[in-house]
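# Observations on chain architecture
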Amino acid sequence: MGETQKLMIAVAGVFVVGFLLVGASKEQTNEEKEAASQIRTLVAMQEMANQKCPKLIENKTGSQVFFPSKTDTDKETYVTLEWVGEAGDNFKTASCTLHQSLGGVSKLVIDDKVLIDKKI
């Protein structure tokens, strides 16, 4: 191995060590940790609501729903998805609320008729 190759390997090694030190020394602040936790919670609630609510609405009405027309959430404890029925659907409006503390659907309202109403 020539001197030039050894020098190139040494320079590359210094860069690798430098990147590792910078990456390892960066710590998250409490605010960054809280924000990341809030995002993970919101994503988990949205995923669960998107899995459970359309199935419940289809079971109750016979109509399949896909994308909610409106979403409401406090980003920590609940998410509410709302659908507006289209031509050919067996409902006019549907609303489904999922609370994190219950781990599932806490309220289901179809055409102003409350079908599920669990207290928190």
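Note that the structure is predicted; figures quoted are calculated from it, not measured. (Residues numbered from 1 in each chain as written. Predicted model: local features only at pLDDT ≥ 70, side-chain atom pairs only at ≥ 80, totals over all residues. Heavy atoms only, no water.)

### Side note on the overall build of the chain
Threshold: Going along the chain from the N terminus, every DSSP run of H or I of four or more residues is numbered as a helix, and every run of E of two or more is numbered as a strand. Only C-alpha atoms enter the radius of gyration, while the globule expectation follows 2.2 Å times N to the 0.38, with N the number of residues. Buried residues are those whose accessible area, probed at 1.4 Å on protein chains only, stays under 20% of the maximum for their type, while exposed residues exceed 50% and partly exposed ones sit between those limits. What makes two residues a contact is simply this: any of their non-hydrogen atoms within 4.5 Å.
Counting secondary structure elements, the chain contains 2 helices and 5 strands. Relative to the globule expectation of 14 Å for 120 residues, the C-alpha radius of gyration of the chain, 25 Å, shows a markedly less compact shape. Here the C-alpha coordinates of the chain stretch approximately 80 × 35 × 20 Å along the principal axes. Residues classed as buried in the chain amount to 22% of the 120 residues present. Across the chain, every contact between residues at least 6 apart in sequence was considered, and the portion connecting residues at least 24 apart equals 37%.

### A look at the confidence of the model for the chain
Note the following rule: A score between 0 and 100, pLDDT records how confident the predictor is in each residue.
Of all residues in the chain, 94% have pLDDT values of 70 or greater, and the mean over the chain is 86. No element of the chain has a lower mean pLDDT than helix α1 (residues 3-25), which averages 73, and none a higher one than strand β3 (residues 93-99), which averages 95.

### Overview of the sheet that holds strand β1 (residues 70-73)
The test is simple: Strands were regarded as paired on the criterion that DSSP finds at least two bridges between them. The convention used is that axes are lines fitted to C-alpha atoms, helices contributing only their stretch in contact, and that angles between N-to-C directions extend from 0 to 180 degrees.
Within the open sheet, the 5 strands sit side by side as β1-β2-β3-β4-β5. Their pairing is antiparallel. The sheet is open, and its two borders are formed by β1 and β5 (113-117), each paired with just one other strand. Neighbour-to-neighbour, the strand axes of this sheet turn through a mean angle of 15°, independent of strand direction. As judged from the 4 bridges shared by strand β4 (residues 104-110) and β5, these two strands associate in the antiparallel manner.

### Thoughts on the environment of S101
Mapped onto the elements of the fold, S101 is located in the loop between β3 and β4. For S101, a relative accessible area of 58% gives the class exposed. Taking the C-alpha atoms as reference points, S101 and Y78, separated by 23 residues in sequence, lie 8.5 Å from one another.

### With respect to helix α2 (residues 30-61)
The condition that has to hold: Helix span is expected to be 1.5 Å times the residue number reduced by one.
Between its terminal C-alpha atoms α2 stretches 46 Å, which fits the 46 Å expected from 32 residues at 1.5 Å a residue. For α2, every residue scored as buried is listed here: M45, A49, C53, P54, I57 and T61. Close packing links the buried residues of α2 with β1, β2 (78-84), β3 and β4.

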